[in-house]
Amino acid sequence: MKTQAQQSFVASLGDIPGVQITECASQLPAIDIRNRHGSGRILLQGALLLEWTPSKQEPVVWLSPNAKFAAGKAPRGGVPICWPWFGPHDTQTDYPAHGIARTANWELTDAQHTDDGAHRLTFMLIRDASNSAFWSHDTPLTLRYTLGPALEIELITRNQSPHPVTISEALHTYFGVGDIRQVRIHGLDGSDYIDKVAHGQRFRQSGDVTFSGETDRVYLGTTAHCIIEDPVLLRSIRIEKQGSRSTVVWNPWAEKAEKMGDYIENGYLNMVCVESGNALDDRITLAPGEEHRLWARYSVTSLN
Ligand code: TA6
C-alpha cells in the first residue's frame, strides 16, 4: 500500500520526461523509463529493476518470461537486492532467503532526467511491520539507479546504531545471454571460490568461467571487473564494481530451473547471474556512524 507521500511523489513523476507509472501483474506498481540510451522498468516493491535494454540491444538485465508477480515475492530476474544478508540467514532458518530488501516496500525519494539524457532514480527502504521483525538495527538503505549509456547501481548502507552492525549483500543481477553453454566469463582467473554445488568445497578458478551444468559459486576476495562474452548475441557485457569483494556466479541449469517453476522450458539457457557483493567470508562490519557503498556499472560492447 503506498503512503500518501509516495502517492503524491509517484504522481509527480509524470512531469519527468520519459518516466511513466505502470502496473505489473497482481497490481504491483512499477515505473517505466525510456530515454535516448534505452529503456528500463523498476518494480516499486523491492525497488527491483526488472529489465534494462540499451538501444539497439537485446535486454541486458533479464526477466524470466514466466516470472511470477505477487506481494512479498521477488520475481525471477532483474536485479534483486540481497540485503542485509546473502543466501540463507546464518541462524534463523525461517527468515527470508537473501534478506528483506528485495521484497520490501521502498520509497522513491528522487528522480532526475540528467543533461546527457539519462535517468537517475533514488529509493529508500521503508522499515515497517513486514521487515522489522527480521532486522532490528537502525541502518537506513539507499538505492540509486542511473539508466544511461551504461547502467549504474549504487547501494548505500548507513549504520545509525550505537553499535557495530555486520551485513552481507549482493546485487543479484540476471544477465540475458544467447546460450549459456557458449558463454565465457573473464576476470575471475586465480580467484578462490566456494562451490555450493560441490557442498561448499573451496577451489581456485583456472582461466575463464564456462558452463556445462548447474553452477553456483561465491568467488571471494575479488575486486576484479568481469566480462561476460556472448558469441551468440555477439556482445560482451562489462561488469565494473566498487565496494565489493565477492562475485557470485549462478546458473540453475535444466533440472533446478524446472523445479523453480518460474522459468520457461530451457529458459536457463538465456541467463546467467553475475552478482557483485560482499558474501560469506567477505561480510562487512560497519562501525557506528559508518557508511558503506556498493557500486556496479554494466556496459555493453558489440562483438561484430
Ligand atoms: O546467487 C545464487 C543463489 O544464492 C542460488 O543459490 C539460488 O538460490 C539463487 O541465489 C536464487 O535464489 P532465489 O531465492 O531468488 O530463488
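All of these numbers come straight from a predicted model, not from anything done at the bench. (Residues numbered from 1 in each chain as written. Predicted model: local features only at pLDDT ≥ 70, side-chain atom pairs only at ≥ 80, totals over all residues. Heavy atoms only, no water.)

*Asks:* Would you explain the sheet that holds strand β9 (residues 151-158) in this entry?
*Replies:* Backbone hydrogen bonds hold the strands of a sheet together, and the pairing may be parallel or antiparallel. If you walk across this open sheet you meet the eight strands as β6-β7-β8-β9-β22-β18-β17-β13, and the pairing is antiparallel. The open sheet has two edge strands with one neighbour each: β6 (106-113) and β13 (184-186). The sheet shows a mean angle of 15 degrees between the axes of neighbouring strands, taken without regard to direction. In terms of strand pairing, strand β18 (residues 235-242) meets strand β22 (residues 291-302) through eight bridges, oriented antiparallel. Opposite Ile239, over in β22, you have Tyr298 as the bridge partner. (Pairing = 2+ DSSP bridges. Helix = DSSP H or I, 4+ residues; strand = E, 2+ residues; numbered from the N terminus. Axes fitted to C-alpha atoms, helices over the stretch in contact; angles between N-to-C directions.)

*Asks:* Help me understand the pairing of β9, please; the structure alone is not making it clear to me.
*Replies:* Where a strand is regular, its side chains alternate between the two sheet faces. Of all eight residues in β9, six are buried, a share of seventy percent or more. In this structure, strand β8 (residues 141-147) lies alongside β9, joined through seven bridges in antiparallel fashion. Residue pairing for β9: Leu141 is matched across the bridge by Thr157. Taking the residues that link successive antiparallel strands as the turn, the β8-β9 hairpin has three residues. (Buried < 20%, exposed > 50% of the residue type's maximum accessible area, 1.4 Å probe, protein only.)

*Asks:* Can you walk me through the side chain of Lys241 in this structure?
*Replies:* Here Lys241 shows up in strand β18. No salt bridge is formed by the buried Lys241; the nearest opposite charge belongs to Asp282, separated by 7.2 Å. A distance of 3.0 Å separates the side chain of Lys241 from the side chain of Ser244, its partner in a polar contact. A polar atom in the side chain of Lys241 sits 3.1 Å from the backbone oxygen of Ser246. Beyond its immediate stretch of four places on either side in the chain, Lys241 contacts Thr222, Thr223, Ala224, His225, Ser246, Thr247, Ser276, Trp295 and Ala296. (Lys, Arg positive; Asp, Glu negative; His and termini not counted. Salt bridge = Lys/Arg side-chain N within 4 Å of Asp/Glu carboxyl O. Polar contact = N/O pair within 3.5 Å; in protein donor to acceptor, adjacent residues only side chain to side chain. Contact = heavy atoms within 4.5 Å.)

*Asks:* Can you help me understand the site of the ligand in this one?
*Replies:* As a structural note, the neighbourhood of the ligand is formed by Arg76, Phe86, His98, Arg102, His172, Lys196, Asp216, Val248, Trp250, Met260 and Glu275. Within the contact set of the ligand, an oxygen atom lies 2.6 Å away from a side-chain nitrogen or oxygen of Asp216. In this structure, an oxygen atom belonging to the ligand sits 2.8 Å away from a side-chain N or O atom of Glu275. Look at the ligand: alone it shows 390 Å² of surface, and the protein chains cover 79% of it. The residue makeup of the shell around the ligand, split by class, is four nonpolar, two polar and five charged. (Near = heavy atom within 4 Å. Areas by Shrake-Rupley, 256 points an atom, 1.4 Å probe, with all protein chains shown as cover. Nonpolar A, V, L, I, M, F, W, Y, C, P; charged D, E, K, R; others polar.)

*Asks:* It is not clear to me how unusual backbone geometry should be interpreted in this structure. Could you clarify?
*Replies:* Most of the time, phi is negative for any residue but glycine, and the peptide bond is trans. Of note, the amide linkage connecting Trp83 to Pro84 takes the cis form, showing an omega dihedral of 0 degrees. Residue position: Pro84 is located in the loop between β5 (81-82) and β6. Positive phi outside glycine occurs at Lys56, with the angle close to 60 degrees. Inspection of the secondary structure assignment puts Lys56 in the loop between β4 (48-54) and β5. Among the residues examined, Lys56 registers a relative accessible area of 86% and is labelled exposed. One non-glycine residue, Leu280, lies in the positive phi region at around 50 degrees. Structurally, Leu280 can be placed in the loop between β20 (271-278) and β21 (284-286).

*Asks:* I'm lost on the sheet that holds strand β2 (residues 28-35) in this one. Help?
*Replies:* As summarised here, the arrangement of the four strands in space is β1-β2-β3-β4, forming an open sheet in which the pairing is antiparallel. Both outer strands of the open sheet, β1 (19-24) and β4, are each paired with one neighbouring strand and no more. Looking at each pair of strands side by side, their axes are set apart by 20 degrees on average, direction ignored. Inspection of the sheet shows β2 paired to strand β3 (residues 38-43) by six bridges, in the antiparallel sense.

*Asks:* Which parts of the structure should I look at to understand the environment of Pro162?
*Replies:* Mapping Pro162 onto the fold places it in the loop between β9 and β10 (165-167). Residue class for Pro162 comes out exposed when judged on its relative accessible area of 76%. Each C-alpha atom, one on Pro162 and one on Ala111, is 32 Å from the other, the two residues being 51 residues apart in sequence.

*Asks:* Help me understand the pairing of strand β19 (residues 246-251), please; the structure alone is not making it clear to me.
*Replies:* The element β19 is largely enclosed, with a buried count of six among its six residues. Here β19 shows no split at all, with Ser246, Val248 and Trp250 on one side and Thr247, Val249 and Asn251 on the other all buried. The pairing of strand β16 (residues 215-219) with β19 spans five bridges and is classified as antiparallel. Counterpart to Tyr219 in the pairing with β19 is Thr247. As defined by bridge partners, β19 adjoins β20 across five bridges and the pair is classed as antiparallel. Looking at the pairing, Thr247 lines up with Ser276 of β20.

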